[in-house]
Structure formats: C-alpha cells, structure tokens
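Breakdown of the fold
This is what each chain is made of:
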Amino acid sequence: MLRVLKVVRLQLINKQTYIWVPLIVLGGALLVSLLIYAMIPGDGPKYGGGSQAPLWSFLFVGIQAMTMSFPFSQAMSITRRDFYLGTLITAMMTSAILGVIFILGGLLELATNGWGINGYFFHLPWVWESGPLGAGFIYFTLALLIFISGFTSATIYKSWGPMVYLIISLALTLLLLGLVYLVSRLELWGNVWMGILDLGALGLALWGLVAIAVLAGISFLAFRRAIP
C-alpha cells in the first residue's frame, strides 16, 4: 500500500493536470454561465449545462495519466500493478473533490436565490432530486467514468497500437449506430426515455459504477501489455 500511495504522490507532483485545470475550467464555465443568466430577461429560474465542462477535462487527464506518467513511472521501477492502483486512487480523490464542490455550490445557490439572479449552475433539479449527497455522488461517478474512459482508450492504444485502437473505435461506433437504428425502427424511443426517467439521475449513476468496473477490468487486462 505504501508503494501505491507513492504513485498517488507521483501523479500529484503536477497538480495542474489533476486539480488546477479542472478547477479553472469549472470557474470559467461558472463565470460564463452567470453572465449569460444575467443577460436573459425574466424572473424565472435559469438553468444551464456548464457544470459538465470540468468533467470533460477528466477525459484528457485520463489519457495523460497513461501516455505521460506511465513511461516515467517505469523509469523509476514502479510496478505496473502499483501504478495502476495508485492512478485509480488519484482519480477517485480528484473526482471526490469535484463532487464536494458540486454539493457546496448547489447549497450556496439555494441560499443566495441563484446568485441573486435566479440562475443555477450547480443545483440542477433532476440531479438534486436525491438530495445533496446524491448529487455529489452523481457528479463523482460522472467524473470517474470519464477519466476511466480516457485511461482505457490510452491503454488500448499503448498496448496494441493505433490500428487496433481505430478498429475498436469503429466497431463501437457501428454498434452504437446499430442500437440507435434498432430503437428507431421499432419505435422504442418513448420506452427508452421513460426508462431513463424512472431510473433518475441516481439510478443512472449506479449503472455508471457498473460501466466504471467494466472499463477498469478492460484497462487492467490491456495494461499488462502496455508499452511505455
């Protein structure tokens, strides 16, 4: 465990990647959203999707954790297992930080009537229907899912090269298009949306944990063949 924690320290040497860049993106998205809210006429509540902006930065954080930090770790004789576990723990920690900020931001918006302009960046009703802890858990899960998606993609690329990566990407794209075509052909979109509404944001987040587990398993198997 001590070796794994050393990997966490290694990943956090460059705090810009894991902490400051997501926070700067979050702050910038918040500022832009508030300016837009202030320009919208009317007294009704105003909602936006700007809070998802820092989540997408985690995709590149996951990629960089594999393409930049992994070669350096091998030069320091860190085992692949320790690097893998330490990297996931680091991602969980930073995702949890974003989750806490999401909760505090939502509570602040409630206390200030949406920053005084009835504009809500954090407190989105569909996400907050399970309460503050549920909202933080949803945000944490999304951040971790996007990180592991980027990390898995980079691991496949480093393990089998660009050709296999492109083939897998194309296969997944065709599979997604096939599912969309099938749902459209059978006119099942109504059932799909009703299922999503019945699950709610918290239910989808729980399924997100399943996706995280699957991607973590895939990346772990591929990681054993990764070339620094």
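Now for a look at the structure at hand. Numbering of residues starts from 1 in every chain and runs along the sequence as written. Predicted model: local features are reported for residues with pLDDT of at least 70 only, side-chain atom pairs are reported and counted for 80 or more only, and whole-chain, interface and lining totals are derived from all residues. In computing side-chain values, all of the structure's heavy atoms are included and hydrogens and water are not.

Some details on the overall build of the protein
Threshold: Helix numbering and strand numbering both begin at the N terminus, where a helix is a DSSP run of H or I of at least 4 residues and a strand a DSSP run of E of at least 2. Partly exposed describes any residue whose relative accessible area lies between the buried limit of under 20% and the exposed limit of over 50%, with all areas from a 1.4 Å probe on protein chains only and scaled to the type maximum. Whether two residues are in contact is decided by their heavy atoms: any pair within 4.5 Å suffices.
Helix and strand counts for the protein stand at 8 helices and 2 strands. For the protein, the succession of helices and strands along the chain, N to C, is α-α-β-α-α-α-β-α-α-α. Overall, the C-alpha framework of the protein stretches about 60 × 50 × 30 Å when taken along its three principal axes. Sorting the 228 residues of the protein into buried and exposed places 40% on the buried side. Taking contacts inside the protein between residues at least 6 apart in sequence as the whole, the part at least 24 apart equals 81%.

What to know about the pattern of salt bridges
Spelled out, the test is: By definition, a salt bridge exists where a carboxyl oxygen of Asp or Glu is found within 4 Å of a side-chain nitrogen of Lys or Arg.
What the rule picks out here adds up to 1 salt bridge. Arg-81 is the salt-bridge partner of Asp-82, the closest N and O atoms lying 3.5 Å from each other.

A few points about the layout of surface pockets
The criterion, for reference: Put simply, the grid is 1 Å and covers the protein atoms alone, a cavity is a trapped set of points that fit a 1.4 Å probe, a pocket is an open set with protein on both sides within 12 Å along at least five of seven lines, and lining residues have an atom within 4 Å of a point. Grid points are joined across faces, edges and corners, and a volume is the space filled by probe spheres set on the points. Classification used: nonpolar for Ala, Val, Leu, Ile, Met, Phe, Trp, Tyr, Cys and Pro, charged for Asp, Glu, Lys and Arg, polar for all others including Gly.
The computed volume of the largest pocket comes to approximately 380 Å³. As for the largest pocket, its lining consists of 22 residues, of which Leu-55, Trp-126, Val-127, Ile-138 and Leu-142 are closest to the centre. Only helix H3 (53-75), helix H6 (125-128), helix H7 (131-185) and helix H8 (189-223) provide two or more residues apiece to the lining of the largest pocket. Among the elements that line the lining of the largest pocket, the one with the most residues is H7, at 7 residues. When its residues are assigned to classes, the lining of the largest pocket shows 16 nonpolar, 6 polar and no charged. Space inside the second largest pocket adds up to approximately 300 Å³. Along the walls of the second largest pocket sit Ser-149, Thr-152, Ser-153, Ile-156, Tyr-165, Ile-168, Ser-169, Leu-172, Ala-211, Val-214, Leu-215 and Ile-218, which together make up its complete lining. Mapped by element, the contributors of at least two residues to the lining of the second largest pocket are H7 and H8. Of the residues forming the lining of the second largest pocket, the biggest block, 8 residues, is contributed by H7. Classifying every residue of the lining of the second largest pocket gives 8 nonpolar, 4 polar and no charged.

Describing empty space enclosed by the protein
Under the criterion given, the structure shown has 1 cavity of 30 Å³ or more. What lines the largest cavity is Tyr-18, Ile-19, Pro-22, Leu-23, Thr-94, Ile-97 and Leu-98. At 4 residues, helix H2 (residues 15-39) tops the list of elements feeding residues into the lining of the largest cavity. Split by residue class, the lining of the largest cavity holds 6 nonpolar, 1 polar and no charged.

A look at H3
In an α-helix, one full turn covers 3.6 residues, which means residues spaced three or four apart are oriented alike. The following threshold applies: One fewer than the residue count of a helix, multiplied by 1.5 Å, yields its expected span.
The end-to-end C-alpha separation of H3 is 34 Å, in line with the 33 Å expected for 23 residues at 1.5 Å each. By the burial criterion, the buried members of H3 are Pro-54, Leu-55, Ser-57, Phe-58, Val-61, Gly-62, Ala-65, Met-66, Ser-69, Phe-70 and Ser-73. Those residues of H3 that are buried lie in contact with helix H1 (2-11), H2, helix H4 (80-111), H7 and H8. Ser-77 sits one or two residues past H3 and shows a positive phi near 65 degrees.

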